[in-house]
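Chain and residue survey
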Amino acid sequence: MRYEIPYNEIKTSISGKEFKKIAIQLPEGLKRYGKEIIQKLEKEVEKELILSGYPCYGACDTKDKELEKLGIDKIIHLGHFKIPFKQSIETEYFPIKSNLKIKNTLEKTLEFIDKNEIGLITTPQHIHKIDKIKEFFKNKGIEAKTSKGNKRITSEGLVLGCNFSAAKIKQKETLYIGSGEFHPLGVALSNKSKVIAANPETNQIKEIGYKNFIKKRYSIIGKIKDLNDFGILISTKKGQIRYNLAKKIRKIIEKANKTGDLIAIDDVLPNELINFGYEAYVNTSCPRLSIDDYNKFEMPIITPNEAKIAFGEKDYQKYEMDEF
Ligand code: SF4
């Protein structure tokens, strides 16, 4: 396994306490380790353990209300840092550490870095290495700086697909350590500056630009302007609810003499939307769905900021990623 499961911390958290039924929750990418984790814990703690089979895409998505129906009194949520919101069941978050060696990847980033001060951001799997990464760059004469971000961010230097606040630092270059291009793209767009993405899994380094991305999204916004009826998606996942924003978007749509209906939804999946028959959707749930999953949907699905641009409430030159 290329991850370190914090068994001892989990055992301490659940052993000898009043909790009787404990749910183990894993994000999609770690579910394949669920069997091994629960079977190991079952041998070591005398508690009723249940794997949560619900889809889980982030710390925003704990399914406490659903698990409560089974009498679960504690959730062990693996793979993410906490996002502060009210839960009906005590929930403890255990980020999973990647044990990949990243020195070679860091060496390779030096060819891409021009400045002697950079911003540094990463994902939950690599955050425990952040001091070592800083030290590596210090030894090369580069100061790597991190920021605490806003209150949705509970570990310095952490970026989420819905929150780039820890990347809003003065440095003109930012280094992202992690996989995928969504986070570095969001940071590049948010800071309008150079972002270098270093993927320790593939050992690939890439500079991430945002201009082509914006062009594609402008073309979608252009088509949206001519459509007339919209579904406005409001997530029922507790850490994604933006009801007021959805109502605001409806007002904007109505002001443009079009119709906008509010839709409560849990998982925003193509099949869940297909039968409604709206011409397009404005998504106030996880921002990644409107961007990363755009091509999976039959109808256009846009972010609230894109809806504001389409209906004249925001200057099109001020394109921004959707963050909260
Ligand atoms: S809203 Fe989306 S990007 Fe943000 S934490 Fe949840 S799943 Fe991740």
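Rules used throughout
- Residues numbered from 1 in each chain as written.
- Predicted model: local features only at pLDDT ≥ 70, side-chain atom pairs only at ≥ 80, totals over all residues.
- Heavy atoms only, no water.
- Helix = DSSP H or I, 4+ residues; strand = E, 2+ residues; numbered from the N terminus.
- Rg over C-alpha atoms; globule rule 2.2 N^0.38 Å.
- Buried < 20%, exposed > 50% of the residue type's maximum accessible area, 1.4 Å probe, protein only.
- Contact = heavy atoms within 4.5 Å.
- Areas by Shrake-Rupley, 256 points an atom, 1.4 Å probe, with all protein chains shown as cover.
- Salt bridge = Lys/Arg side-chain N within 4 Å of Asp/Glu carboxyl O.
- Near = heavy atom within 4 Å.
- Nonpolar A, V, L, I, M, F, W, Y, C, P; charged D, E, K, R; others polar.
- Domains from an automatic or database assignment.
- 1 Å grid on protein atoms, 1.4 Å probe; cavity = no way out; pocket = protein on both sides within 12 Å on 5 of 7 lines; lining within 4 Å.
- Points joined across faces, edges and corners; volume = space filled by probe spheres on them.
- Pairing = 2+ DSSP bridges.
- Phe/Tyr/Trp six-rings, centres within 6.5 Å; stacked < 30°, edge-to-face > 60°.
- Axes fitted to C-alpha atoms, helices over the stretch in contact; angles between N-to-C directions.
- Parallel < 35°, antiparallel > 145°, perpendicular 65-115°, else oblique.
- Left-handed = near helix turned anticlockwise from the far one by under 90°.

Before going further, it helps to examine the overall build of the protein chain. Of the regular secondary structure elements, the protein chain holds 11 helices and 15 strands. Relative to the globule expectation of 20 Å for 324 residues, the C-alpha radius of gyration of the protein chain, 21 Å, shows essentially globular dimensions. When its C-alpha atoms are laid out on the principal axes, the protein chain stretches across 60 × 55 × 30 Å. When the 324 residues of the protein chain are sorted by exposure, 53% land in the buried category. In the protein chain, the proportion of contacts linking residues at least 24 apart, taken out of those at least 6 apart, comes to 65%. Accessible surface, the protein chain as shown: approximately 16,000 Å² in total, 48% of it carbon and sulfur.

Among the structural elements, Ile50 can be located in strand S3 (residues 48-51). Setting aside anything within four residues of it in sequence, one finds Ile50 in contact with Ile22, Ala23, Ile24, Ile38 and Ile72.

Let us look at the pattern of salt bridges. Taken as a whole and judged by the stated rule, the model has 26 salt bridges. The shortest N-O distance in the salt bridge between Glu28 and Lys31 comes to 2.6 Å. Residue Glu28 is classed as partly exposed on the basis of its relative accessible area of 38%. The exposure class of Lys31 is partly exposed, given its relative accessible area of 26%. Across the pair Glu107 and Lys140 runs a salt bridge whose closest N-O atoms are separated by 3.7 Å.

Glancing now at the site of the ligand. Close contacts around the ligand come from Tyr57, Gly58, Cys60, Ile83, Arg152, Gly161, Cys162, Gln240, Cys286 and Phe324, and that covers them all. Split into classes, the residues belonging to the shell around the ligand amount to six nonpolar, three polar and one charged. Counting contributing residues per domain, the shell around the ligand is built from domain 1 (3-98) and domain 2 (103-209), each supplying no fewer than three.

Let us look at the layout of surface pockets. Volume-wise, the largest pocket comes out at about 1,100 Å³. Here the lining of the largest pocket gets three residues from one element, more than from any other, and that element is helix H10 (residues 287-291). A per-class count over the lining of the largest pocket returns 22 nonpolar, 11 polar and 11 charged.

For the rest of this paragraph, the subject is the pairing of strand S12 (residues 229-235). For S12, the buried fraction is high: six of the seven residues fall into the buried class. Of the pairings in the sheet, the one linking S12 to strand S13 (residues 259-265) comprises seven bridges and is parallel in character. Among the inter-strand pairings, Ile232 is bridged to a residue of S13, identified as Leu262. Where S12 and strand S14 (residues 280-283) come together, four bridges link them in parallel fashion. Of the residues in S14, the one forming a bridge with Gly231 is Tyr281.

One pass over the structure, following the stated rule, counts eight aromatic pairs. With centroids separated by 5.1 Å and ring planes inclined at 85°, the aromatic side chains of Phe136 and Phe137 adopt a geometry described as edge-to-face. Given a relative accessible area of 10%, Phe136 falls into the buried group. Phe137 gets classed as buried once you look at its relative accessible area, which sits at 0%. Aromatic rings pair up to connect Phe213, Tyr218, Tyr316 and Tyr319 into one cluster.

Turning our attention to the packing of helix H1 (residues 7-14) against helix H2 (residues 34-44). Helix-helix packing is described using two parameters, namely the angle between the two axes and the distance between the axes. Relative orientation of the contacting elements H1 and H2 amounts to 50°, with a least axis distance of 11 Å. Put simply, H1 runs oblique to H2. The handedness of the crossing between H1 and H2 is right-handed. Contacts from Tyr7, Ile10 and Lys11 in H1 reach Glu36, Ile37, Lys40, Leu41 and Glu44 in H2. Across the contact of H1 with H2, the residue classes tally to four nonpolar, no polar and four charged.

Turning to the sheet that holds strand S2 (residues 21-25), a few remarks are in order. Reading across the sheet, the four strands line up as S3-S2-S4-S5 and stay open at both edges, with parallel pairing between neighbours. In this open sheet, the two edge strands, each paired with only one partner strand, are S3 and strand S5 (90-94). Adjacent strand axes in the sheet meet at a mean angle of 20°, parallel and antiparallel pairs treated alike. Of the strands in this sheet, S2, S3, strand S4 (74-78) and S5 touch H1, which is tilted by about 170° from S4. Where H2 meets the sheet, it contacts S2, S3 and S4, and its direction lies at approximately 180° from that of S3.

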